[in-house]
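Given next are the chains, with one letter for each unit.
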There are 6 protein chains.
Amino acid sequence: MQLGEKSWPEAHELADKVVVLPLGSFEQHGHHLPLLTDTLICTEIARRAEAALGDAVLFLPVLWVGASDHHRAFPGTISVSNELYVALLCDMIESLIGSGFRKIFLLNAHGGNITPGRMAIYRAQMRHKDLTDLWIALGTWWTLAADAVAAVPELQQLVVSHACEQETSMILCLRPELVRRELATGANIPFESAFYCPDFSSPSRVDVPRAFDQLSQTGAFGHPELATQEKGEALFQAVAEQVVSFLREFATWPSLTPQ
Amino acid sequence: MQLGEKSWPEAHELADKVVVLPLGSFEQHGHHLPLLTDTLICTEIARRAEAALGDAVLFLPVLWVGASDHHRAFPGTISVSNELYVALLCDMIESLIGSGFRKIFLLNAHGGNITPGRMAIYRAQMRHKDLTDLWIALGTWWTLAADAVAAVPELQQLVVSHACEQETSMILCLRPELVRRELATGANIPFESAFYCPDFSSPSRVDVPRAFDQLSQTGAFGHPELATQEKGEALFQAVAEQVVSFLREFATWPSLTPQ
Amino acid sequence: MQLGEKSWPEAHELADKVVVLPLGSFEQHGHHLPLLTDTLICTEIARRAEAALGDAVLFLPVLWVGASDHHRAFPGTISVSNELYVALLCDMIESLIGSGFRKIFLLNAHGGNITPGRMAIYRAQMRHKDLTDLWIALGTWWTLAADAVAAVPELQQLVVSHACEQETSMILCLRPELVRRELATGANIPFESAFYCPDFSSPSRVDVPRAFDQLSQTGAFGHPELATQEKGEALFQAVAEQVVSFLREFATWPSLTPQ
Amino acid sequence: MQLGEKSWPEAHELADKVVVLPLGSFEQHGHHLPLLTDTLICTEIARRAEAALGDAVLFLPVLWVGASDHHRAFPGTISVSNELYVALLCDMIESLIGSGFRKIFLLNAHGGNITPGRMAIYRAQMRHKDLTDLWIALGTWWTLAADAVAAVPELQQLVVSHACEQETSMILCLRPELVRRELATGANIPFESAFYCPDFSSPSRVDVPRAFDQLSQTGAFGHPELATQEKGEALFQAVAEQVVSFLREFATWPSLTPQ
Amino acid sequence: MQLGEKSWPEAHELADKVVVLPLGSFEQHGHHLPLLTDTLICTEIARRAEAALGDAVLFLPVLWVGASDHHRAFPGTISVSNELYVALLCDMIESLIGSGFRKIFLLNAHGGNITPGRMAIYRAQMRHKDLTDLWIALGTWWTLAADAVAAVPELQQLVVSHACEQETSMILCLRPELVRRELATGANIPFESAFYCPDFSSPSRVDVPRAFDQLSQTGAFGHPELATQEKGEALFQAVAEQVVSFLREFATWPSLTPQ
Amino acid sequence: MQLGEKSWPEAHELADKVVVLPLGSFEQHGHHLPLLTDTLICTEIARRAEAALGDAVLFLPVLWVGASDHHRAFPGTISVSNELYVALLCDMIESLIGSGFRKIFLLNAHGGNITPGRMAIYRAQMRHKDLTDLWIALGTWWTLAADAVAAVPELQQLVVSHACEQETSMILCLRPELVRRELATGANIPFESAFYCPDFSSPSRVDVPRAFDQLSQTGAFGHPELATQEKGEALFQAVAEQVVSFLREFATWPSLTPQ
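The shown structure was predicted, so the numbers you read here are calculated from the model rather than taken from an experiment.

Caption draft 1: Quick look at the interface of chain C and chain B. At the interface, 59 residues of chain C touch 59 residues of chain B. In this assembly, chain C packs against chain B so that about 5,400 Å² is buried in total across both faces, 59% of it on carbon and sulfur atoms. The tally of links between chain C and chain B comes to 4 salt bridges. With a closest N to O distance of 2.9 Å, Glu83(B) and Arg123(C) form a salt bridge. Counting the contacts that link chain C with chain B gives 24 residue pairs in polar contact (both at pLDDT 80 or more). Elements that contribute at least two residues to the side of chain C that touches chain B include exactly helix H3 (82-98), helix H4 (114-127), strand E4 (135-140), helix H5 (141-144) and helix H8 (229-250) of chain C. Ranked by residue count, the leading element in the side of chain C that touches chain B is H4(C), at 9 residues. Looking at side-chain class alone, the side of chain C that touches chain B contains 32 nonpolar, 16 polar and 11 charged residues.

Shown next, in the form of structure tokens:
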């Protein structure tokens, strides 16, 4: 159910429902994927979840601009700074709280949004810590559905990186005409370290930010050449199912009482 | 042509084109119109202009959140503060300039966006005043196309206000199932003044901001009950034509040289 | 009546009166006018209005620094950024509201102050939207008195621009020794457009900010060479009369009640 | 010489001169003095200095709004926050530096301006530390001329506080009709401390800010009842002489070279 | 080696070394641990690492104030907001970069510092992305040394939470006189969820911020009653070894070149 | 007594005590003193005061980073901007007030902290002006103990400047191995002025900020070559005694009532 299609008196009646704000980006995704890749993926996950949930949950449109300053060396990237992204999410969350909503979920599809997204929900929650029934959660699809993603058959890469096997498969599934498969090449960086993996192919034990153009000439990581439409469909199914499962559970969360 | 469907190397090749950022809102529109009214209208104007212009001009998705703090007393309104809206537009314009674009048009469909929109393009232009070929313009559809709007047959109101005859007609044209015609009532405020008109039905000679709930109980102004699908279609045609005409002219603007 | 000449217990007694904050600037006005042109004009309009209104209305001194960043390429311009000007007006308005004033008028004489001035009064009004008797208005003299200005005999230009026939006439009337008539030359830019007029000689349908040095080598617009002392006197009379008329009406505005 | 009476080409020619920005306030000064007391005093000091210096030094108009938040409990006080005052001075100084000025003096007449004034000139100087010929100085009249003030005959108070013997004498000298002598009463707080003196009658060894309404019911300190027009004239003479002496010396300061 | 014990010419000579900024906090740690718990732990880890590394690495003093707003309901907590903590780290990192340092490590001992710490190093790295040899890393001891921590014998809890078995053991090892063992009780929240674990005892798949007083009445989590001095010593050994290992590797990281 | 060694319930019980926040810096101190000079001095003064006061007063750890932007041209200086330092102190003071403390003393050992320190305590005090028992004081050791400092036998310099006779003596007393006496040379600037003394050797009548590298090549002022361990010990004794005396008095200050 789309909150934006309701009038304000209707919105008033719906304030006890979970409301979902999907978060995308508008940034380079290598030589082979469109700038709106994350937004298209997020839109599709939200669409499937909305279809499954019927009137139980309210959805907002996808916020298509994200925090992508590390991609700004690549033309076409439209980004807001981390600080501004925090403020933007806070104002939107504040509007929702002011309208009476108490269960707010940010469904995220872009890695760069995670840190500022955490800052934003922390700030909003602290500002309203007297509202004991207020829950604000942020979930990024590849973390929320990590096990389900890793279980998709025939995937070579178990971890989502950027313009990679998974994202390419998903756009192939949604909008194949936008994928330039012949240009699909990702960087695989030969960096020997026990603590840090620059291309996200394994987890790091320390945080190390870098501008993306220092990591990849094409702007992609991993093995996009392994992408298929079938993997994309399987990913969407797996992720949407987990998101639906989370939202059903989220709707039942009670107020917390300290012990 | 949608910039977001291009890859970054393609975006790089297209930097000499005009790029259009459509600006909507997510705010109350009376008892009878959906929260996304301005965004739906803006999307449709942009869609028609894009169809007419083919590959000549690049379009971004509509920014669906706007500066609507004066509507926040009505549930469902999602707003960013004016200050934040300025910063948001600036970051997006900065990204476009950094990508090489030099002709940027903000196509606006919400009155509350006008003042912060002007702040934003002023700031961006001043920051880059060494780029003599940089043009940033902001046009609100009812001003850009004022004469054409006033010439639409059978319109009773010559000036667009809020959730009024014009906006209601346009949503009737686009998404009739979202209009609750039986609830369409606008405030018409009996305020006697030679200088100020609170419901926008005639121009004011002084600026006077007010929270919308102090002006209208329903949240609407004017005569939405006079709306028809035909007026909506006529409005879209008239406005889209003017926007296309402007964008064609805009593409030809030269660098200014002082005299 | 000057508020600044009262003690604080007297100010406390006067809080039911309209208070006027005149807004000037300190910026280049071509080769022929002084930097304080807008401030001198604003001071004189306020002086005449004060004389006509007696004890009915309180006046503050003119704020002589304005938002003039688009003039900063010309030496001598002293400007605050738009953002700072917003904050400055907000703090001043906040002080007045805190002192009990509920009718605040910003009498403006500089075009660059309009957009930040609107931002400021919007912010202040929204912050205090529970004060139903609070009115904050911003009027720029050439808009507030547009018809009266256009009716001044022998004026060639009907619209005020910058260091133009009108402003030059007004300084000739006030301080003729400060006008270098032999250097009075304005740019008249041959820009063909159906939507935008860079030198303000006709209204634009889109907003397009530019640094002033990209528009005029002298820093002036229009036809300052047509200025006369008589036109200046006629302008002051016409404008002061309209301002007085507005302030008398403003003093009577009731609380708004939504309908 | 008033910079504001010059055109921009003239200002360009004068950039090697010292420029003076006088700083006042608009705040309560007890039951007996007008809100503009500091501004009136500062204006008169500047006027006398300007008269003595002829074309040697450029003066700006007095900035009549100051940092007076500690007086905001008294109606009529118009104040900007310390933070905003810093930013305001910085923007004005920035404009002057951008116009080519390299000797900038802030002539201050309000105690509350001192700390933010220091913040401002520090920030401006650090931002331009590559300009080795740039000097920015801030002088408050009772410090700059401390010895001369203390030497004025018949003064009972040797230290200037607020709405006190000195300030009252100065307004008596300038605008006697604005002084309500019968209401002139200052608080003299019996606070026993070896480290802190709340009413400024002796120097403190620690800094302790307090809202003024916690220190004085009338809003005044010291002994305003001892004020006379003659003391006022003597104070203006003594202070103006010191300011002139400083400005003459300031004009000769060379670039510093480290040793 | 302590950078703070060097003079500036010595610092200049040492700029090719790794520099470590340890990050603590000053916040409630249950009924049984001191407010400086995180700072004491961080100091000890840094001390051991410094001892092992000799002159190879430079250490700064521990920054004892952290981002602890979620603990502010408990008296004694001294916290800076997340936004301010970001700015604080940025200014410190900026100073180091300005001094010539190119390998900067933030050694963190407080969970609340992680998100703003990431914001800070991201901002600093993006601002200097032209410095290809600049590496800024943030490591939190229980993540950097996760496997080694989990391998400590007899630990019941494998994951560090707050004022828990691990932290209590470590303070027992360092400063036993500061531990009130008889008051050591942690909340263990019976929250059934497949996605979120409020007391950190297992990883969450979504981010959900909460004020700490909504989660625990004592302010502690987990099983502090299981703490022993031996476990504390074992933890310090394990963690310091990993930190040393990381710093030795970090010193060798080359410039990244994109592929 | 160290607040940081207490648990939060203990802190709650101690809220009626004075709490002291010592303020240091991390900045260049000439060729001969360590970067942490001010912090070492502040730590020692606080240590001696704490020893003398027993449980009567609570101490925080020294904040070792200060506002030292004027020293940033010298490598090794770690500084936060004045604006950030204000905000940092405000957040810390806010935490203390929120914990119930009403007597807060900032014990300062760095000149650059004075102006932002005043800004901070002013902001905090104004924000809480309804708390009539709240006292926030800032004392810099050489001002708070000026007479006692000047009375130390055999001191050649009566005024403390930077890396000078006094500071060098104090580090000689504390950590002689960190002093490179053979490199101890201070600039003594031959600037003839009746109003301004760049090297602090006599008081100035105007404020004039300068970057330190424009004033001294070594980074030191005055006569560090005259330093002795004995003078250092005498300084510590004199200053600590005055600080103790102040803190004992401060603990007794009552609420102020206006008269």
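Once you've had a look at it, read on.
Caption draft 2: Quick look at the sheet that holds strand E4 (residues 135-140) of chain F. Residues and elements named next belong to chain F. In spatial order, the strands read E2-E1-E3-E4; together these 4 strands make up an open sheet with parallel pairing. Looking at strand neighbours, the two that pair on one side only are strand E2 (57-59) and E4, the edges of this open sheet. The mean inter-strand angle of the sheet, taken between neighbouring strand axes irrespective of direction, is 25°. The sheet contact formed by strand E1 (residues 18-23) and E2 spans 3 bridges and is parallel.

Caption draft 3: Representation of unusual backbone geometry within the structure. Residues and elements named next belong to chain A. Non-glycine residue Phe200 carries a positive phi angle of around 65°. If you trace the backbone, Phe200 turns up in the loop between helix H7 (165-174) and helix H8 (229-250). Among the residues examined, Phe200 registers a relative accessible area of 38% and is labelled partly exposed.

Caption draft 4: Structural detail: the relation of the copies chain D and chain C. Screw-axis analysis of chain D against chain C gives a translation of 0.0 Å along the axis, an RMSD of 0.0 Å, and a rotation angle of 180°. Such a combination of turn and shift is consistent with a two-fold rotation axis. Here 100% of the interface residues in chain D have copies in chain C that are interface residues too; the copies meet face to matching face.

Caption draft 5: Layout of the arrangement of the chains. As for chain D relative to chain A, no contact occurs, and the smallest C-alpha gap between them is 20 Å. The least C-alpha distance between chain B and chain D, which are not in contact, is 14 Å.

Caption draft 6: Examining the interface of chain D and chain C more closely. In this assembly, 48 residues from chain D lie in contact with 48 residues from chain C. Taken together, both faces of the contact between chain D and chain C bury some 4,000 Å²; the carbon and sulfur share is 65%. Looking only at chain D, the three residues that lose the most surface to chain C are Trp8(D), Trp64(D) and Pro75(D), adding up to 19% of its buried area. For the pair chain D and chain C, the interface holds 4 salt bridges. Glu5(C) is the partner of Arg175(D) in a salt bridge, and the nearest nitrogen-oxygen pair spans 3.0 Å. Summed over the shared surface of chain D and chain C, the number is 20 residue pairs in polar contact (both at pLDDT 80 or more).

Caption draft 7: How the structure looks around the state of the cysteines. With the rule as written, the count across this model stands at 0 disulfides over all chains. Cys197(B) forms no disulfide, and the closest cysteine sulfur to it belongs to Cys164(B), at a distance of 13 Å.

Caption draft 8: Seen up close, the packing of aromatic side chains. Enumeration according to the criterion identifies 102 aromatic pairs over all chains in this entry. Taking the centre distance of 5.3 Å and the plane angle of 85° together, the rings of Trp141(C) and Trp142(C) count as edge-to-face. Classification of Trp141(C) by relative accessible area gives buried; the value is 1%. You can call Trp142(C) buried: its relative accessible area is 18%. In this structure an aromatic cluster arises from ring pairing among Phe105(A), Trp135(A), Phe246(A), Phe250(A), Trp253(A), Phe191(E), Phe195(E) and Tyr196(E). When the ring centre of Trp135(E) is taken as origin, the NZ or CZ atom of Arg210(A), which lies over that ring, is 4.1 Å away.

Caption draft 9: Looking closely at the sheet that holds strand E3 (residues 103-108) of chain A. Residue and element names in this part refer to chain A. On the basis of which strands lie adjacent, the open sheet formed by 4 strands has the order E2-E1-E3-E4 and parallel pairing. Every other strand in the sheet has two partners, leaving strand E2 (57-59) and strand E4 (135-140) as the edge strands with one partner each. Mean inter-strand twist for the sheet, computed between neighbouring axes without regard to direction, equals 25°. Summarising the sheet, E3 and E4 pair through 6 bridges and their orientation is parallel. Considered in E4, the bridge of Lys103 is made with Trp135. Packing against the sheet, helix H4 (residues 114-127) makes contact with E3 and E4, and its axis sits at approximately 175° to E4. Against the sheet, H8 touches strand E1 (18-23), E2, E3 and E4, its axis set at about 165° to E3.

Caption draft 10: Local environment of the relation of the copies chain C and chain B. Superposing chain C onto chain B requires a rotation of 180° together with a translation of 0.0 Å along the rotation axis, leaving an RMSD of 0.0 Å. A shared binding surface is used by both copies, with 100% of the interface residues of chain C retained as interface residues in chain B.

Caption draft 11: Geometry of the environment of Ile136(E). Its location among the elements puts Ile136(E) in strand E4 (residues 135-140). For Ile136(E), a relative accessible area of 0% puts it in the buried group. In this structure the C-alpha to C-alpha distance between Ile136(E) and Arg102(E), which are 34 residues apart in sequence, comes to 7.8 Å. If we skip the residues at most four places from it in the chain, Ile136(E) touches Asp207(A), Val208(A), Pro209(A), Ile93(E), Ile97(E), Ile104(E), Ile121(E), Ala124(E) and Gln125(E).

Caption draft 12: Inspection of H7(A) at higher detail. Residues and elements named next belong to chain A. Most of H7 sits inside the fold, with 9 of its 10 residues counted as buried. Of the positions making up H7, those classed as buried are Glu165, Gln166, Glu167, Thr168, Ser169, Met170, Ile171, Leu172 and Cys173. Buried residues along H7 sit against helix H2 (37-53), helix H5 (141-144), helix H6 (146-150) and H8.

Caption draft 13: View of helix H2 (residues 37-53) of chain B. All names here are of chain B. For H2, which comprises 17 residues, the first-to-last C-alpha distance of 24 Å matches the rise-based estimate of 24 Å (1.5 Å per residue) to within 8%. H2 sits mainly inside the fold: 13 of its 17 residues count as buried. Remark: Gly54 follows H2 within two positions and exhibits a positive phi of approximately 55°.

Caption draft 14: Quick peek at the side chain of Ser81(C). By the element assignment, Ser81(C) lies in the loop between strand E2 (57-59) and H3. Setting aside chain neighbours within four positions, we find Ser81(C) in contact with Asp69(C) and Asp91(D).

Caption draft 15: Expanded view of the pattern of salt bridges. All names here are of chain A. Taken as a whole and assessed by the stated rule, the structure comprises 72 salt bridges over all chains. Residue Arg175 pairs with Glu177 through a salt bridge whose shortest N-O separation is 2.7 Å. Assessed through its relative accessible area of 54%, Glu177 is described here as exposed. Counted as one network, the salt bridges with shared partners bring together Glu44, Arg47, Arg48 and Glu233.

Caption draft 16: Looking closely at the packing of H2(A) against H8(A). Residue and element names in this part refer to chain A. Running from N to C, H2 and H8 cross one another at 55°; their axes reach a closest spacing of 9 Å. By the angle between their directions, the pair H2 and H8 is classed as oblique. In terms of crossing hand, the pair formed by H2 and H8 is right-handed. In contact with Ile41, Glu44, Ile45, Arg48, Ala49, Ala52 and Leu53 of H2, H8 contributes Glu233, Phe236, Gln237, Val239, Ala240, Val243, Val244, Leu247 and Arg248. Within the contact of H2 with H8, the residues separate by chemical class into 11 nonpolar, 1 polar and 4 charged.

Caption draft 17: A look at the environment of Val86(E). Residues and elements named next belong to chain E. Residue position: Val86 is located in helix H3 (residues 82-98). Since its relative accessible area comes to 1%, Val86 is described here as buried. Each C-alpha atom of the pair Val86 and Asn108 lies 14 Å from the other, and the pair is 22 residues apart in sequence.

Caption draft 18: Molecular detail of the pairing of E1(A). All names here are of chain A. Of all the 6 residues making up E1, 6 are buried; the element is thus mostly covered by neighbouring parts of the structure. A two-sided burial pattern is seen for E1, the buried positions comprising Val18, Val20 and Pro22 on one face and Val19, Leu21 and Leu23 on the other. With H2 bridging E1 and the parallel E2, this β-α-β connection has right-handed handedness. In this sheet, E3 lies alongside E1 in parallel orientation, the contact comprising 5 bridges. Bridge pairing in E3 places Leu21 opposite Leu106.

Calculation notes
- Residues numbered from 1 in each chain as written.
- Chains lettered and ligands numbered in written order.
- Predicted model: local features only at pLDDT ≥ 70, side-chain atom pairs only at ≥ 80, totals over all residues.
- Heavy atoms only, no water.
- Contact = heavy atoms within 4.5 Å.
- Buried area = accessible area lost by both parts, 1.4 Å probe.
- Salt bridge = Lys/Arg side-chain N within 4 Å of Asp/Glu carboxyl O.
- Polar contact = N/O pair within 3.5 Å; in protein donor to acceptor, adjacent residues only side chain to side chain.
- Helix = DSSP H or I, 4+ residues; strand = E, 2+ residues; numbered from the N terminus.
- Nonpolar A, V, L, I, M, F, W, Y, C, P; charged D, E, K, R; others polar.
- Pairing = 2+ DSSP bridges.
- Axes fitted to C-alpha atoms, helices over the stretch in contact; angles between N-to-C directions.
- Buried < 20%, exposed > 50% of the residue type's maximum accessible area, 1.4 Å probe, protein only.
- Least-squares fit on C-alpha atoms with pLDDT ≥ 70 in both.
- Disulfide = S-S within 2.5 Å.
- Phe/Tyr/Trp six-rings, centres within 6.5 Å; stacked < 30°, edge-to-face > 60°.
- Lys NZ or Arg CZ within 6 Å of the ring centre and 35° of its normal.
- Expected span 1.5 Å × (residues − 1).
- Parallel < 35°, antiparallel > 145°, perpendicular 65-115°, else oblique.
- Left-handed = near helix turned anticlockwise from the far one by under 90°.
- Right-handed = clockwise from strand over helix to strand, strands pointing away.

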